[in-house]
Amino acid sequence: MSDLRSDAPRTVALIGGAANNNEPADPDNTILVERRRARRNEKILVWTLRVGALAVFVSVWAYVSGNKIVDPMMISAPLDVAQAFFGQLTDGVFWTDVTATFSGAMVGLVTGAIAGILAGVVFARVQVLHTAASPFLTLMNSLPRPALAPIFILWFGLGFGPKALVAFSVVFFVLMTSTMGAMKSIDHDIAQLTKSLGMTRTQRFFKIEIPAALPAIVGGLRLGAVYSVLGAVVSEMVGAYTGLGQRLVVVTNNFQVAETFAILIAMGLLSMVLDVSISGLQKLVTKWTR
């Protein structure tokens, strides 16, 4: 009888252990695995759609040009464009043009972003100043950038200055608008809470306003990066010694359609490099502000 009693707890423990083995070891770990699998499947789907869309586009393009539905002199062919693109990669003058465009775009992006963010902060915090300057800002922002390029070229010549200034004029207003919108959209209850806690204006600015506005500012910076390349190219197309814009004008005037598309691809890739770089910064800022 005593042996049966001594074996009973051991039997219950074994049964309990067997039951526990049938249960998930860690529900949280299972959820993480499912999330990772879902993200992996989503990435596979995204890349499948991207590659599929590109393949369809190139196939239609090759069919249209190969069967002369549209004159090949007007749209060239995918293979000719690819050959022209890789041919330019081996051309030293091409890289001189890339450097000229990229440097002008970067200087315009950096200076325009700094000035635009500072102006947005000032106008958001001093409403009277923004109200007074609003008509002039609207007037300047409404000016077409290609119309500004000849004036800048007249003032500063055909060198580096005009393309950087045109890029600056685009980026400045993008960042100013993004910064002002982000600063003014801070929750009213949070603003009242900071006042009730006795926070100074400086403390509110650095601890509440700037962290809340950073995601929108970096988002505006991504848009400004693309527009900075556009501004530099527009200025080069009007007049420049070097640059992708000037190169584009030359090959277009010579009816070199494949080279024209190759240069457009190079411009797109240049914008993508800037966008991807700032996108990484946006992810860091988003994690920091959470």
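Everything numeric here is computed off the predicted structure, so don't read it as measured data. (Residues numbered from 1 in each chain as written. Predicted model: local features only at pLDDT ≥ 70, side-chain atom pairs only at ≥ 80, totals over all residues. Heavy atoms only, no water.)

Colleague: Just checking my understanding: could you explain the pattern of salt bridges for this structure?
Modeller: Two side chains with opposite charge may pair up if their charged atoms get near one another. Within the structure shown, the criterion is met by five salt bridges. Here aspartate 91 makes a salt bridge to arginine 247, at a shortest N to O gap of 3.1 Å. Taken as a pair, aspartate 91 in the loop between helix H4 (78-89) and helix H5 (92-125) and arginine 247 in helix H11 (residues 244-253) lie far apart in primary sequence, 156 residues in all. Aspartate 91 sits in the partly exposed class, given a relative accessible area of 30%. The exposure class assigned to arginine 247 is buried, which follows from its relative accessible area of 14%. Lysine 163 is the partner of glutamate 236 in a salt bridge, and the nearest nitrogen-oxygen pair spans 3.0 Å. Residue glutamate 236 is found in helix H10 (residues 201-238), and its partner lysine 163 is found in helix H8 (residues 160-184); the two are separated by 73 residues along the sequence. Grouping residues by exposure puts glutamate 236 and lysine 163 together as buried. Taken together, the shared-partner salt bridges connect Asp91, Asp97 and Arg247 into one network. (Salt bridge = Lys/Arg side-chain N within 4 Å of Asp/Glu carboxyl O. Helix = DSSP H or I, 4+ residues; strand = E, 2+ residues; numbered from the N terminus. Buried < 20%, exposed > 50% of the residue type's maximum accessible area, 1.4 Å probe, protein only.)

Colleague: Please explain helix H7 (residues 145-156) as it appears in this structure.
Modeller: For an α-helix, the turn length of 3.6 residues means that residues three or four places apart are oriented alike. In this model, H7 (12 residues) spans 16 Å end to end at C-alpha, consistent with the 16 Å of a helix rising 1.5 Å per residue. Residues of H7 that are buried: Arg145, Leu148, Ala149, Phe152 and Ile153. Buried residues of H7, seen end-on, are gathered within an arc of 140° and therefore sit on one face of the element. On its buried side, H7 packs onto helix H6 (127-141), H8 and H10. A positive backbone phi angle near 85° is found at glycine 157, which sits one or two residues after H7. (Expected span 1.5 Å × (residues − 1). Arc of directions from axis to C-beta. Contact = heavy atoms within 4.5 Å.)

Colleague: So what exactly am I meant to see when it comes to the packing of aromatic side chains here?
Modeller: To describe a pair of aromatic rings, you give the distance between the ring centres and the angle between the ring planes. A complete count under the given rule lists eight aromatic pairs for this structure. Each ring, one from phenylalanine 94 and one from tryptophan 95, has its centre 5.5 Å from the other, and the planes form 75°; the classification is edge-to-face. For phenylalanine 94, a relative accessible area of 3% translates into the label buried. For tryptophan 95, a relative accessible area of 42% corresponds to the partly exposed category. Relative to phenylalanine 172, the ring of phenylalanine 168 lies with its centre 5.9 Å away and its plane at 25°, an arrangement referred to as stacked. (Phe/Tyr/Trp six-rings, centres within 6.5 Å; stacked < 30°, edge-to-face > 60°.)

Colleague: So what exactly am I meant to see when it comes to a nonpolar patch on the surface here?
Modeller: Together, Tyr63, Ile69, Val70, Met73 and Met74 line one region of the surface with nonpolar side chains, adding up to about 540 Å² of accessible area. Note that tyrosine 63 resides in helix H2 (residues 27-66). (Patch = residues over 30% accessible without salt bridge, like charges linked within 9 Å, V, L, I, M, F, W, Y side chains within 5 Å. Areas by Shrake-Rupley, 256 points an atom, 1.4 Å probe, with all protein chains shown as cover.)

Colleague: Before we go on, may I ask you to explain the environment of lysine 184 in this structure?
Modeller: Structurally, lysine 184 can be placed in helix H8. Looking at lysine 184, the relative accessible area reads 41%, which means it is partly exposed. Distance in space between the C-alpha atoms of lysine 184 and glycine 120 is 10.0 Å, their sequence separation being 64 residues. Beyond its immediate sequence surroundings of up to four residues, lysine 184 is in contact with Phe123, Ala124, Gln127 and His130.

Colleague: Hey, could you run me through a positive patch on the surface in this one?
Modeller: A contiguous patch of positive charge on the surface is contributed by Arg35, Arg36, Arg39, Lys43 and Lys283. Secondary-structure assignment places lysine 283 in helix H12 (residues 257-289). (Lys, Arg positive; Asp, Glu negative; His and termini not counted. Charge placed at Lys NZ, Arg CZ, Asp CG, Glu CD.)

Colleague: Help me understand the side chain of arginine 145 in this model?
Modeller: Its location among the elements puts arginine 145 in helix H7. Of the side chains with opposite charge, glutamate 236 comes closest to the buried, unpaired arginine 145, at an N-O distance of 16 Å. Of the polar contacts made by the side chain of arginine 145, one reaches the side chain of asparagine 141; its length is 3.2 Å. If near-sequence neighbours (up to four positions away) are discounted, arginine 145 is found in contact with Met140, Val166, Ser169, Val170 and Phe173. (Polar contact = N/O pair within 3.5 Å; in protein donor to acceptor, adjacent residues only side chain to side chain.)

Colleague: Where do I start with unusual backbone geometry in this structure?
Modeller: The bulk of non-glycine residues show a negative phi, and the bulk of peptide bonds are trans. Of note in the backbone geometry, lysine 68 takes a positive phi value of approximately 55° without being a glycine. Position of lysine 68 among the secondary structure elements: in the loop between H2 and helix H3 (72-75).

Colleague: What exactly am I supposed to notice about the packing of H7 against H10 here?
Modeller: A pair of packed helices is captured by two measures, namely the crossing angle of their axes and the spacing between those axes. Close contact between H7 and H10 brings their axes to 9 Å; oriented N to C, the two are set at 60°. It follows from the interaxial angle that H7 and H10 lie oblique. Considering how the two elements wind past one another, H7 and H10 form a crossing that is right-handed. For the pair formed by H7 and H10, the contact residues are Pro146, Ala149, Pro150 and Ile153 on the first element and Val234, Ser235 and Val238 on the second. Among the residues forming the contact of H7 with H10, the class breakdown is six nonpolar, one polar and no charged. (Axes fitted to C-alpha atoms, helices over the stretch in contact; angles between N-to-C directions. Parallel < 35°, antiparallel > 145°, perpendicular 65-115°, else oblique. Left-handed = near helix turned anticlockwise from the far one by under 90°. Nonpolar A, V, L, I, M, F, W, Y, C, P; charged D, E, K, R; others polar.)

These figures come from the coordinates and say nothing about function on their own.
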